[in-house]
4 protein chains.
Amino acid sequence: MDFEYSPYTQEMLARLQTFMEDHVLPANRRFHELAGQGAYPLEVVEPLKAKAFEAGLWNLFMPELEDSDPGTRLSNLEYAPLAEAMGRVPWSPEVFNCNAPDTGNMEILKRFGTPAQKKRWLEPLLTGEIRSFVGLTEPDAASSDLTNLATTIRREGDEYVINGRKWFSTGAKHPHARLAIVFGVSDPSPEADPHHKHSFILVPMDTPGFEVVRDVPIMHHHAPEGHCEVVFRDVRVPLDAMLGQEGDGFMLAQARLGPGRIHHCMRTIGQCELALELMCERALERRTFGKALADNANIQDWIAQSRMEIDAARLLMLQTAWKMDRDGARAARVDVSAIKVTAARLQTQVVDRAIQVFGAAGITPDTPLSYLWTWGRAMRFLDGPDEVHLKVIAREELKKAKGAVGRNLAHFVPPHISASNKGH
Amino acid sequence: MDFEYSPYTQEMLARLQTFMEDHVLPANRRFHELAGQGAYPLEVVEPLKAKAFEAGLWNLFMPELEDSDPGTRLSNLEYAPLAEAMGRVPWSPEVFNCNAPDTGNMEILKRFGTPAQKKRWLEPLLTGEIRSFVGLTEPDAASSDLTNLATTIRREGDEYVINGRKWFSTGAKHPHARLAIVFGVSDPSPEADPHHKHSFILVPMDTPGFEVVRDVPIMHHHAPEGHCEVVFRDVRVPLDAMLGQEGDGFMLAQARLGPGRIHHCMRTIGQCELALELMCERALERRTFGKALADNANIQDWIAQSRMEIDAARLLMLQTAWKMDRDGARAARVDVSAIKVTAARLQTQVVDRAIQVFGAAGITPDTPLSYLWTWGRAMRFLDGPDEVHLKVIAREELKKAKGAVGRNLAHFVPPHISASNKGH
Amino acid sequence: MDFEYSPYTQEMLARLQTFMEDHVLPANRRFHELAGQGAYPLEVVEPLKAKAFEAGLWNLFMPELEDSDPGTRLSNLEYAPLAEAMGRVPWSPEVFNCNAPDTGNMEILKRFGTPAQKKRWLEPLLTGEIRSFVGLTEPDAASSDLTNLATTIRREGDEYVINGRKWFSTGAKHPHARLAIVFGVSDPSPEADPHHKHSFILVPMDTPGFEVVRDVPIMHHHAPEGHCEVVFRDVRVPLDAMLGQEGDGFMLAQARLGPGRIHHCMRTIGQCELALELMCERALERRTFGKALADNANIQDWIAQSRMEIDAARLLMLQTAWKMDRDGARAARVDVSAIKVTAARLQTQVVDRAIQVFGAAGITPDTPLSYLWTWGRAMRFLDGPDEVHLKVIAREELKKAKGAVGRNLAHFVPPHISASNKGH
Amino acid sequence: MDFEYSPYTQEMLARLQTFMEDHVLPANRRFHELAGQGAYPLEVVEPLKAKAFEAGLWNLFMPELEDSDPGTRLSNLEYAPLAEAMGRVPWSPEVFNCNAPDTGNMEILKRFGTPAQKKRWLEPLLTGEIRSFVGLTEPDAASSDLTNLATTIRREGDEYVINGRKWFSTGAKHPHARLAIVFGVSDPSPEADPHHKHSFILVPMDTPGFEVVRDVPIMHHHAPEGHCEVVFRDVRVPLDAMLGQEGDGFMLAQARLGPGRIHHCMRTIGQCELALELMCERALERRTFGKALADNANIQDWIAQSRMEIDAARLLMLQTAWKMDRDGARAARVDVSAIKVTAARLQTQVVDRAIQVFGAAGITPDTPLSYLWTWGRAMRFLDGPDEVHLKVIAREELKKAKGAVGRNLAHFVPPHISASNKGH
């Protein structure tokens, strides 16, 4: 359990930070100007991608990367501080081909795709030539329980026919988006095992019947790549579009979510650090009623509290990354749930304090705080609502306790119980 | 301290609720469509205003309303449930000529305007013909301490010359906006009493040198009437544009804020009720893992907690309204601070729970919750940040305690003190 | 809904406060000295009872008091500020014959006792001659669900035979305790209606087979009157010891708890006021790092927060009292649950802040804070754990929402639903 | 930064846990019985000490232990899980000679004592022959600011004369207590540097003029070793009783507190684990309203939340221990403050939830929870109140931010500032 950043990690981090300083931050304002006009800022992002590729800062998120793949292979633990650094500029992960949901999609293609599927989809994803999205959540279903999802993947002869509606399909509006990875019911028979009746299928976005209905803003914010509502109406794909086997949907959904969840957490930590820095800077700079904000004990408490919470969350995140590296994502499942809940809550808490120190400026687009706060709220649903993860953690804890009931109170027996053989 | 709604209040409330059901709610979707296109939805609002005027649901916010003024006079306590009902549709107060900041502007014009000022500005405001804004907060100053505000109102011969920059000027983008009420330094001499060196001045918005620079979105949300950044560059107005006397700025700011603050709180309570209703409806309707959300004890706790908090906040608000009616806004100053802080915190808390019950739909524009939550965050700055109000309350409490130090512990004297005449 | 203290209430309150100042507070140290020696401080309490009786400050808690009964009849609303004042000295209610659990016991005897039962037990309770306790909670059962309680009340010929173990029997150790009111299963048949199988029975404490096993300290604190564990072994009482009818246990338990719960809340408010006063006094008095504690913004926030929370809780309590007076305890059931939860949480919160301002002195017996804080924790169980009450409130709220599902979102229909007749 | 328990640590932990199971836990009830009778349970503790000494489970807390000293040397990181295990039985650390305040006293004697002082005091402390206490906090001073402390250490000829009153002198009532280490003003001159005017002095407890005035219960709980109020009246000691140099008081206080604080945190983590285990066991066992408590989503949330918080706190604690081992206590000063605040808050939070799951039993002495909760409250003062530590953390954070003001917003410049060379 060694969390200290290795010399290699430190070197990679330094290179990434320099890249951020030299190339990404100076482009930040232009990115937002273009995004504000409603288009995806390709003119900003594409040249940066080329630079990052050249600099070896590419596909850093993927421990499974092979030597023949483009990019630099890192473990989850090594990637953690780099993802943290990327988090500070929310659009920057794409520059390094490390953005969700392409990362998760590349991971399951890597692990479960056929050679043909890899050739067609994984290769251009790894080079950053195309983008993809995942169709999971549905607007008409309580999607935290995957068994509620109703999109159908019906086999008809040598085709699958897909019908359904998805939303929060991040990336579907990206100009380079080409691939949809869609979750749906492939075995609608009532007697089907509820955890083996769904599948994931690969759908080229130019297939007839597919439509991006609208981009759904999150807390009024339109992401340039879109969190889209999409519809599939009698969309037909060949049989070899199936990812894994029919009925593998649940298993693949679990496999896909593990690393993705922790990447979000890594970026959250970085965003909270940014918010804390901003909070301190503003507190030093602003004066009311004769003294700097930083001289007020309540604001000092907020700063200290934020530092404590961020540090604790980072350690939890690093431990989870370390465990995933050592034992695999499945073994770290409960840890992932814990850091996922912790990080999402952290973000709204820390950013909320920073906003309060900024005053009204904190709720405007003149600082990154308004975005970070509203995105933090979304984080409490992303990859499953908090409550589902809390249940996972509790179930594990209760499992440990079973069989041991009474153990701890054996030496605290109250008088009436120790005397109870006399009856009452 | 009788808070029960009188038969008259109940009748007015019923009329307002019927009006909301019959006219406002059916127009809600169209309002948002038009607002989404960036224009102010006059075609929705103006006909409703005419209807509300006819129905006697007009200027309900103003206890000082005279018989010769248009509208129906209500006390603050009578107005409370009506404002609550309006709060449920955030754009509806204008329908009843009860929207901020015109309400506050009408109030200080009523109380402090000259006959000529009233003729020119108050009358068309009371009829709803024009709109106005107030220029108080400045982007470059920690504005919670009004002495930090730097806009200048310099007398030059028979004119005042105004220079400065304001933001969060709500309503400046409204197509009918005609009047700016601007706060600035009228006595810049270093020896000036810090609480008598500012003034409020009335500025027609068509005066040369005035400019609306931009509309500042709040948490990514653009209000159709705008929360604008505006600039005054050598803006010249005649001497009779001064509101009250030179140096009255502080006093007027206090007078203006009292009722306005409590109106926000009334609407907040209504919005929290709406959020709680939505939360319950969704909890009944959605099922995960084999049961309705409403059957989960954590969600039940959120519902109960919300009910308790809303009820307590409403009582605090009613008590404050009642005290303002009886003793005046000044006497209720500390109460206003208390309900202001309570209501703002309530809104983010209750709406946050409702969002969590809704799942991802709660952060989209498909429910009112995303707006209510982000607006609730803004409420913690509106009319002064929480911290300023907490300080007001604490100061009052400490004042009461002074002189009584020791009183309560007299009968709890610890041994070593009671024995201390023996010395140690 | 008029909560203002009437002139009569104000006069009674003034008399009570004078009595507290003149007689109770000066006896406080002596009371604790004697209690610390393990005996009930009769020599302090009895003379004060006589004085209070004479002063007409007697049985103030009972709206059902008849003219022929000793004491002064007040409504719940009138009693509220008096109970608040008593709360400041936790042992003082007995001085005014207003202490739990005798109050609740007197109430059910008044409403449900036979003339003989009243003669034997109610009369000496009303005069303060004897004390009583109630045997409800059991150490071996999750007692928040009354159907779990296992004490048996078995009819044998012309007697009832009682067997079982109770704890948290407050008052059982009082030297004047004579009566136990015991809850148990009177109809053990499996087909018995779970809400009509229990009864309350009156048991003279000198009946053979009854034993006080031990006094259970609450958070290490031994109350002089005891929160006792008691045991009933084949305790035999005649048939006329049954309170109400066989099977009335549930109904009586509900009837008994209503007013008792709100009395606790009243006293809590008074205790929180005391804690807030102490917090302010100490904050003014103590200096660290060159300034008074009161000059620190975090401590100011605690003071303000406490003031806001206390005021809101008091209004909720007064509203509940008013509703009980007007509509009866049953109609106010949900309100009672709400104030019960609110008050219990308030007490630990406010006192916790006061303790922190006091520093280590706050956790010693040199201030009342350590008792108030630990007692506040107990309040979260007393008369039912918070969670049971939250469930009551939530159920009511959900009931209101049923049938209205969808109402509030009708005008927020998202695009894909409004377009859904076209199918997808 | 390798936090994984080394094989050696794991072996030591296993030995300690076995010892706890075999010897300590079976003695727990007897310990409490004797302590309840008011005496120190020497008959329980002394034989266990002998056993632990033999087993090599002795003086585990002291990384500075030399080969010639009795006991087993461990680093802070190695000690952490052992202290955690000891924390589960609050009186057990003495069994291993690892109890506060003797540990801290041994540490400063080790580092700053003269050979003679070590011979006389350190040696018997290390063997467990005698006990000691530290006189720091004073009842009449806000002791979190050490400059407020008023006890005097006045030089008179070849003696120091000590006058003053201390409290929270833990251990002063222990039957083997022999040594007081007392903090006081040695240079009362007004021009003295406030951080070099205090000293620590060694006072044999049998010196005339010294008196234990009383044992001060913490939240009604009397520790058998006492948290005593003591008084020094013209207590005379020779010049060689001075620890370090005159004026070293501040420096020594800091040196003394570092490791002690983190030991408390280690034990806290163990106590929170115990509380969580108890919570789970009870939740599985108890049923209300037809289902196990463990099946309620709110209780599951409490369990999960507790697990997450404990894990995060433990990592923070291990990181601090690791940093102290590598860089020394001084370098880890801010980390120690952070874990100190985190752990103290954790304890009341986690134990509070466990209590609520236990119902009323949780506030009785029949479970360890009532002690753990009230002790958790004391932890928020022990070794300095939270607020002092938060200030330390905030100061550090603000120091880092200074000089960098504006850095983070450089690429977020709002329009009016970027346009500001045009003036406004």
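Calculation criteria
- Residues numbered from 1 in each chain as written.
- Chains lettered and ligands numbered in written order.
- Predicted model: local features only at pLDDT ≥ 70, side-chain atom pairs only at ≥ 80, totals over all residues.
- Heavy atoms only, no water.
- Contact = heavy atoms within 4.5 Å.
- Buried area = accessible area lost by both parts, 1.4 Å probe.
- Salt bridge = Lys/Arg side-chain N within 4 Å of Asp/Glu carboxyl O.
- Polar contact = N/O pair within 3.5 Å; in protein donor to acceptor, adjacent residues only side chain to side chain.
- Helix = DSSP H or I, 4+ residues; strand = E, 2+ residues; numbered from the N terminus.
- Nonpolar A, V, L, I, M, F, W, Y, C, P; charged D, E, K, R; others polar.
- Least-squares fit on C-alpha atoms with pLDDT ≥ 70 in both.
- UniProt positions renumbered as here; feature names shortened; annotations may be inferred.
- Phe/Tyr/Trp six-rings, centres within 6.5 Å; stacked < 30°, edge-to-face > 60°.
- Buried < 20%, exposed > 50% of the residue type's maximum accessible area, 1.4 Å probe, protein only.
- Core = buried A, V, L, I, M, F, W, Y, C linked by side-chain atoms within 4.5 Å.
- pLDDT = per-residue confidence, 0-100.
- Expected span 1.5 Å × (residues − 1).
- Bend = angle between axes of the 7 residues up to and from the residue.
- Axes fitted to C-alpha atoms, helices over the stretch in contact; angles between N-to-C directions.
- Parallel < 35°, antiparallel > 145°, perpendicular 65-115°, else oblique.
- Left-handed = near helix turned anticlockwise from the far one by under 90°.
- Domains from an automatic or database assignment.
- Pairing = 2+ DSSP bridges.

Quick notes on the interface of chain D and chain A
Here is step 1: Across the boundary between the two partners, chain D contributes 65 residues, which contact 64 residues of chain A.
Here is step 2: Taking both sides of the interface into account, the surface hidden between chain D and chain A amounts to around 5,600 Å²; carbon and sulfur atoms contribute 65%.
Here is step 3: Our count for the contact surface shared by chain D and chain A stands at eight salt bridges.
Here is step 4: One salt bridge in this structure joins E397(D) and R307(A), with 2.7 Å as the shortest N-O distance.

A few points about the interface of chain A and chain B
Here is step 1: If you look at the interface, chain A gives 50 residues, while chain B gives 50 residues.
Here is step 2: Taken over both partners, the interface formed by chain A and chain B buries close to 4,000 Å², and the fraction arising from carbon and sulfur atoms is 63%.
Here is step 3: Our count for the contact surface shared by chain A and chain B stands at six salt bridges.
Here is step 4: Among the salt bridges present, the one from R377(A) reaches D352(B), with a minimum N-O distance of 2.8 Å.
Here is step 5: Applying the counting criterion to the chain A and chain B interface returns 24 residue pairs in polar contact (both at pLDDT 80 or more).
Here is step 6: Residue assignment for the side of chain A that touches chain B shows that the elements contributing at least two residues are β3 (159-170), β9 (287-288), α8 (297-327), α9 (333-358), α10 (369-379) and α11 (386-401) of chain A.
Here is step 7: Grouping the amino acids of the side of chain A that touches chain B by side-chain chemistry returns 22 nonpolar, 16 polar and 12 charged.

Quick notes on the relation of the copies chain A and chain B
Here is step 1: Its rotation angle being 180°, the transformation that places chain A on chain B also includes 0.0 Å of axial translation and leaves an RMSD of 0.0 Å. Look at the turn and shift together and you get a two-fold axis relating the two. Looking at the rotation axis and the C-alpha trace of chain A, the residue lying nearest is H220(A), at 2.7 Å.
Here is step 2: Residue by residue, 100% of the interface of chain A is reproduced at the interface of chain B, so both copies engage with the same surface.

Digging into the UniProt feature "domain: Acyl-CoA dehydrogenase/oxidase N-terminal" (unreviewed entry) in chain A
Here is step 1: Under the UniProt annotation, "domain: Acyl-CoA dehydrogenase/oxidase N-terminal" (unreviewed entry) lies at residues 10-129 of chain A.
Here is step 2: Between the C-alpha atoms that bound residues 10-129 of chain A there is a distance of 29 Å. The span itself is 61% helix and 0% strand.

Description of the relation of the copies chain D and chain A
Here is step 1: Here chain D sits on chain A after a turn of 180° about the axis and a move of 0.0 Å along it, with an RMSD of 0.0 Å.
Here is step 2: Most of the interface of chain D is mirrored in chain A: 98% of its interface residues are interface residues there too.

A closer look at the packing of aromatic side chains
Here is step 1: Scanning the entire structure with this criterion turns up 42 aromatic pairs over all chains.
Here is step 2: Ring centres of W373(C) and W373(D) lie 3.8 Å apart, and the angle between their planes is 5°; on these two criteria the pair is classed as stacked. Here the residue W373(C) occupies a position in helix α10 (residues 369-379), and W373(D) occupies one in helix α10 (residues 369-379), the pair thus bridging two chains.
Here is step 3: On the accessibility criterion, W373(C) (3% relative accessible area) is buried.
Here is step 4: Three or more aromatic residues joined by ring pairs make a cluster, and in this case those are F31(A), Y40(A) and W91(A).

Some points on unusual backbone geometry
Here is step 1: Each neighbour pair has its own omega, and for A100(A) with P101(A) the value is 0°, a cis peptide bond.
Here is step 2: When you line up the elements, P101(A) lands in the loop between α4 (76-87) and α5 (102-112).
Here is step 3: The phi dihedral of F168(B) falls on the positive side, at around 55°, and the residue is not glycine.
Here is step 4: The residue F168(B) is located in strand β3 (residues 159-170) in this model.
Here is step 5: Exposure remark for F168(B): the relative accessible area of 16% places this residue in the buried category.
Here is step 6: Positioned with a positive phi, M219(D) is a non-glycine residue whose angle comes to about 50°.
Here is step 7: Of note, M219(D) is situated in the loop between β6 (210-215) and β7 (227-238).
Here is step 8: Relative accessible area serves as the criterion here: at 0%, M219(D) is assigned to the buried category.

A closer look at the nonpolar core
Here is step 1: Core analysis: the biggest nonpolar cluster contains 484 residues, and F96(A), L60(B), F96(B), L60(C), F96(C) and F96(D) have the highest contact counts within it.
Here is step 2: Excluding residues within four positions of it along the chain, F96(C) makes contact with L16(C), F19(C), M20(C), V24(C), A52(C), L57(C), W58(C), N59(C), L60(C) and M86(C).

Focus on the confidence of the model for chain A
Here is step 1: Mean pLDDT for chain A: 94, with 97% of residues reaching 70 or above.
Here is step 2: Below pLDDT 50 for its whole length, residues 419-424 of chain A participates in five contacts with residues either more than four positions away or in separate chains.

Focus on helix α6 (residues 115-127) of chain C
Residue and element names in this part refer to chain C.
Here is step 1: For α6, spanning 13 residues, the distance from its first C-alpha to its last is 17 Å, which sits close to the expected 18 Å at 1.5 Å a residue.
Here is step 2: Of all the bends in α6, the largest measures some 35° and sits at W121, one to four residues before the proline P124.
Here is step 3: If you check which residues of α6 are buried, you get Q117, W121, L122, P124, L125 and L126.
Here is step 4: The secondary structure elements touched by the buried residues of α6 are α5 (102-112), β1 (131-135), β4 (177-185), β5 (198-204) and β8 (242-243).
Here is step 5: Directly after α6, the chain includes G128, whose backbone phi takes a positive value near 85°.

Re the environment of Q37(C)
Here is step 1: Relative to the helices and strands, Q37(C) resides in the loop between α2 (28-36) and α3 (42-54).
Here is step 2: Sequence separation between Q37(C) and N97(C) is 60 residues, and the spatial gap between their C-alpha atoms is 24 Å.

With respect to the packing of α5(C) against helix α7 (residues 249-285) of chain C
Residues and elements named next belong to chain C.
Here is step 1: Between α5 and α7, the shortest axis-to-axis distance is 9 Å and the interhelical angle comes to 135°. Considered as vectors, α5 and α7 are oriented oblique to each other. Between α5 and α7 the crossing geometry is right-handed. Contacts from T103, G104, N105, E107, I108, R111 and F112 of α5 reach α7 at M251, L252, A255, R256, P259 and H263.
Here is step 2: For the contact of α5 with α7, the per-class residue count stands at six nonpolar, four polar and three charged.

Observations regarding the pattern of salt bridges
Residue and element names in this part refer to chain A.
Here is step 1: What the rule picks out here adds up to 156 salt bridges over all chains.
Here is step 2: One salt bridge connects D102 with R131, and the closest N-O pair in it is separated by 3.3 Å. Linking D102 in helix α5 with R131 in strand β1 (residues 131-135), this pair joins segments that are 29 residues apart in sequence. A single burial state applies to D102 and to R131, both of which are buried.

Examining the domain arrangement of chain A
Residues and elements named next belong to chain A.
Here is step 1: Domain annotation for chain A reports domain 1 (7-113), domain 2 (131-243) and domain 3 (251-401).
Here is step 2: Put simply, the middle of domain 1 and the middle of domain 3, counted by C-alpha atoms, are 21 Å apart.
Here is step 3: The partner domain 3 presents 24 residues to the 22 residues of domain 1 that form the contact.
Here is step 4: Surface buried jointly by domain 1 and domain 3 totals about 1,900 Å² across both partners, of which 61% is contributed by carbon and sulfur atoms.

Some points on the side chain of N76(B)
All names here are of chain B.
Here is step 1: Here N76 shows up in helix α4 (residues 76-87).
Here is step 2: N76 gets classed as buried once you look at its relative accessible area, which sits at 6%.
Here is step 3: The residues touching N76, leaving out its near neighbours within four places in the chain, are P63, H263, M266, A321, M324 and D325.

Here's the deal with the pairing of β3(B)
Regular strands have side chains that alternate between both faces of the sheet.
Residue and element names in this part refer to chain B.
Here is step 1: Most of β3 sits inside the fold, with 10 of its 12 residues counted as buried.
Here is step 2: Judged from the five bridges that link them, strand β2 (residues 152-156) and β3 form a sheet pairing that is antiparallel. Its bridge partner lying in β3, R155 is registered against Y160.
Here is step 3: The turn linking β2 back onto β3 is made up of two residues, and G157 within it adopts a positive phi angle of 60°.
Here is step 4: Relative to strand β7 (residues 227-238), β3 runs antiparallel, the two sharing nine bridges. Bridged to E159 within β7 is P238.

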